[in-house]
Amino acid sequence: MKEQIKPLAEQRFEDEIRLLQAWDEANQHPKPPRWQLSPKAVVRFICGGEVNGQPIQCKYFGADRQVEVAVATLTTDRALLLYGPPGTGKSTLSELLAAGISGNSQLIVQGTAGISEEKVLYEWDYAHRLSKGTDINALVKTPIFRAMEDGAIARVEELTRIPSDVQDALITILSEKMMPIPELNEVVMANRGFNIIATANDKDKGVNDLSKALSRRFNTVRLELPTDAETETQIVRSNIDKLCRGQSLPVPTNTDAEIRRVVKIFRELREGQAGTEKLEKPSATMSPAEAISVVSQAINMAAYLGDNPQIDASHIANGLEGVVVKEAEDRQVFRNYLDRVLKTRAADRDLEAALRAIV
Ligand SMILES: Nc1ncnc2c1ncn2[C@@H]1O[C@H](COP(=O)(O)OP(=O)(O)OP(=O)(O)O)[C@@H](O)[C@H]1O
Ligand SMILES: [Mg+2]
């Protein structure tokens, strides 16, 4: 049997969704039209907790309030923009919201600099148009088109990478809830339940800023890097568990300690401070996403190439160097960090020695 690398959220958490649906029914929670779960159940689905004595896994770590605001926005006629630094779980939260609300997280438009209006609205099957004429069957529906028809959530990833004129194609959809098709002299009306979740990265700021007209149609929820090391460690740990499960690899017993150390290093470099020591900051992005990749790479190296299944400091060192040293100047910044911080901590000497060999 073939196995998917990353099953969709709606498949992965099918059992939880069923449990939450039963909870909604038993308690008659109010539900917006076409939502498969009530807003209350969507928040529980994402933030975790318990329902009828059964655990619901926490899938997005952060302030529950942010998730509540995001869910509440989607009950209104305003669209939702998840905005913030790279690797802070914007796409993850967008996937979870779509899976929880519509049971379908796959109505996605990936924003790129080269995307055309046709990929956002609709395209034509030219072979059909030539042989049978321009009718509705010649239309190739985009994910947004299908979401409008189905009354579902459509996702637009990296909205600010999309050129401004193409972004503006969303204005009519969001304000009038319809899409004109002049070639057929028709309009497609959005069904209730339709909405859009967009994500945008604040590092891309200025690439293609949102027009005022479009930004007025979105409620923005800002996702930040985790405020404390404990939450960041939890984010990394839960993702490592998931990755190891997916690869049928055991989680090494020293994983927690190594995650803590990587998270600590990233936080110190990001903040430019270790204890009372002021540090220069490297240009690289060091979000939970990078910490996950450093630790999972180390686990894979230990499992497939090492002599024992424990995570080795040299494996962590390789991953760290790859993340932190993105520009030539970062190398000196990282060397200074080794001298001024890692060297002074007895517990980090092994990592310091491994890093010295490569930085
Ligand atoms: N707060 C969080 N809760 C749960 N997982 C998180 C969180 N922050 C980051 N992650 C994890 O980090 C990884 C990257 O997250 P994701 O791709 O959603 O980030 P993003 O904000 O969309 O980044 P980008 O701006 O680069 O697109 C995922 O594995 C995700 O599960
Ligand atoms: Mg993303």
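The name given to the protein chain in an unreviewed UniProt entry is AAA family ATPase, and the organism recorded there is Parathalassolituus penaei.

**Quick notes on the pairing of strand β8 (residues 178–181)**
Residues Met179 and Ile181 line the buried face of β8, whereas the alternating positions Met178 and Pro180 sit on a face that is not buried. Note: β8 against strand β9 (residues 186–189), 4 bridges, orientation antiparallel. Within the sheet, the bridge partner assigned to Ile181 lies in β9 and is Glu186. Hairpin connection from β8 to β9: 4 residues lie between these consecutive antiparallel strands, with Asn185 at a positive phi of about 55 degrees.

**Quick word on the environment of Gly193**
Structurally, Gly193 is set in the loop between β9 and β10 (195–201). Taking the C-alpha atoms as reference, Gly193 lies 9.5 Å from Asp77; in sequence the two are 116 residues apart. Setting aside residues no more than four positions away along its own chain, Gly193 makes contact with Pro33, Arg34, Gly151, Ala152 and Ile153.

**Examining the site of ligand 1**
Lining the immediate environment of ligand 1, one finds 16 residues, of which Phe61, Gly87, Lys90, Ser91 and Thr92 sit closest. Contact distances for ligand 1 include 2.9 Å between an oxygen atom and a side-chain N or O atom of Asn201. Relative to its free-state accessible area of 630 Å², ligand 1 is covered by the protein chains to the extent of 81%. Elements that contribute at least two residues to the shell around ligand 1 include exactly α5 (90–102), α12 (229–247) and α14 (288–305). Considering each element in turn, the shell around ligand 1 owes the most residues, 3 residues, to α5.

**Digging into the nonpolar core**
Ranked by size, the top nonpolar core spans 38 residues in total, and within it Ile144, Met179, Phe194, Ile196 and Phe218 carry the most contacts. Taken together, the elements giving at least two residues each to this core come down to β3 (79–84), β5 (122–124), α8 (143–150), β7 (153–157), α10 (169–176), β8 and β10. Counting residues per element, this core draws most heavily on α10, at 5 residues. When neighbours within four sequence positions are excluded, Ile196 is seen to be in contact with Leu74, Ala79, Leu80, Ile144, Ala154, Val156, Leu170, Leu174 and Phe218. Grouped together as the second largest cluster of nonpolar side chains are 36 residues, Val236, Cys244, Ile265 and Leu320 included.

**What about the domain arrangement of the protein chain?**
Split into domains, the protein chain comes out as domain 1 (9–222) and domain 2 (229–356). Just the C-alpha atoms count here: the centres of domain 1 and domain 2 sit 34 Å apart. Taken together, the contact between domain 1 and domain 2 spans 5 residues of the former and 11 residues of the latter. Here domain 1 packs against domain 2, burying approximately 600 Å² in sum over the two surfaces, 57% of which is carbon and sulfur. Of all residues in domain 1, Phe61, Gly87 and Lys203 give up the largest surface area on contact with domain 2, accounting jointly for 69% of the area buried on that side.

Cut-offs applied
- Throughout, residues of each chain are indexed from 1 in the direction in which the sequence is written.
- Whichever chain is written first is A, and whichever ligand is written first is 1; the rest continue in order.
- Owing to the predicted nature of the model, reporting of local features is limited to residues with pLDDT of at least 70; listing and counting of side-chain atom pairs is limited to 80 or more, with chain, interface and lining totals taken over all residues.
- As a rule here, side-chain values come from all non-hydrogen atoms in the structure, and water together with hydrogens is ignored.
- Each residue's exposure class comes from its accessible area (1.4 Å probe, protein chains only) as a fraction of the maximum for that residue type: buried when under 20%, exposed when over 50%, partly exposed otherwise.
- Strands are runs of DSSP state E lasting at least 2 residues, helices are runs of H or I lasting at least 4, and numbering of each runs from the N terminus.
- What makes two strands pair is DSSP finding at least two bridges between them.
- Contacts are assigned to residue pairs with any non-hydrogen atoms lying within 4.5 Å of each other.
- Working definition: residue near molecule or strand if any one of its non-hydrogen atoms lies within 4 Å of it.
- N or O atoms closer than or at 3.5 Å make up a polar contact, with two conditions inside protein: a donor-capable atom paired with an acceptor-capable one, and, for residues adjacent in sequence, both atoms drawn from side chains.
- Per-residue accessibility takes into account occlusion by the displayed protein chains alone, with areas from the Shrake-Rupley method and a 1.4 Å probe.
- Here, nonpolar core refers to any group of buried Ala, Val, Leu, Ile, Met, Phe, Trp, Tyr and Cys residues whose side-chain atoms link them within 4.5 Å.
- Domain boundaries shown here were taken from an automatic or database domain assignment.
- When two parts are put together, the accessible area they lose, computed with a 1.4 Å probe and summed over both, is reported as buried area.

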